[in-house]
Amino acid sequence: MSELWSLVFSCVAGVVLGIFFFGGLWWTVRKAVTAKIPALWFLGSMLLRTGVVLIGFYFVMGDDWKRLLVGLLGFIVARLVVIRHTRVLNQSGLSIREASHAP
């Protein structure tokens, strides 16, 4: 039974890490559009998000390939959740400022 709880915990941790990663990506894109130096936003965000997710997977999933696989499944589920949530926000009339030029 403890292996089942371990897999459930890994899945939940994967979802949390995925929401942090993909939610952070969405937030970065929204902020970088109006930033003076958008490359700095993208680079800093990528390093922070990737570092947190890698450390999270390392500590939470440990050395068990089953926990890693279930955690990655949770990570992918979180991606789908964030995509659905951001589409709903975009369709509900939230104002999204677009860049006036392409770099």
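Please read these numbers as outputs of a predicted model, since none were measured by experiment.

K.L.:
Explain helix α2 (residues 38-61) residue by residue, including any values.
P.N.:
In an α-helix there are 3.6 residues to a turn, and that puts residues three or four apart on one side. The end-to-end C-alpha distance of α2, which contains 24 residues, comes to 34 Å, matching closely the 34 Å that a straight helix rising 1.5 Å per residue would cover. Among the residues of α2, S45, R49, V53, G56, F57 and M61 are the ones counted as buried. Backbone geometry just after α2 places G62 at a positive phi near 65 degrees.

K.L.:
Let's hear about the pattern of salt bridges: which residues, and what values?
P.N.:
Under the criterion given, the structure shown has two salt bridges. E3 serves as the salt-bridge partner of K66, at 3.1 Å between the closest nitrogen and oxygen. One end of the pair, K66, is in helix α3 (residues 65-91); the other, E3, is in helix α1 (residues 2-32), with 63 residues separating them in the sequence. The shortest N-O distance in the salt bridge between R67 and D63 comes to 4.0 Å.

K.L.:
Can you explain the confidence of the model for the protein chain? Please cite residues and give values.
P.N.:
Per-residue confidence for the protein chain averages 88 on the pLDDT scale, and 84% of its residues sit at or above 70. Per-element confidence in the protein chain ranges from a low mean pLDDT of 89 for α3 to a high of 95 for α2.

K.L.:
Explain a nonpolar patch on the surface to me, and be specific about the residues and the numbers.
P.N.:
Among the surface-exposed residues, L4, W5, V8, V12 and V16 lie close enough to one another that they form a single nonpolar patch of about 490 Å² accessible area. Note that L4 resides in helix α1. You can call L4 partly exposed: its relative accessible area is 47%.

Rules used in this analysis
Residues numbered from 1 in each chain as written. Predicted model: local features only at pLDDT ≥ 70, side-chain atom pairs only at ≥ 80, totals over all residues. Heavy atoms only, no water. Helix = DSSP H or I, 4+ residues; strand = E, 2+ residues; numbered from the N terminus. Expected span 1.5 Å × (residues − 1). Buried < 20%, exposed > 50% of the residue type's maximum accessible area, 1.4 Å probe, protein only. Salt bridge = Lys/Arg side-chain N within 4 Å of Asp/Glu carboxyl O. pLDDT = per-residue confidence, 0-100. Patch = residues over 30% accessible without salt bridge, like charges linked within 9 Å, V, L, I, M, F, W, Y side chains within 5 Å. Areas by Shrake-Rupley, 256 points an atom, 1.4 Å probe, with all protein chains shown as cover.

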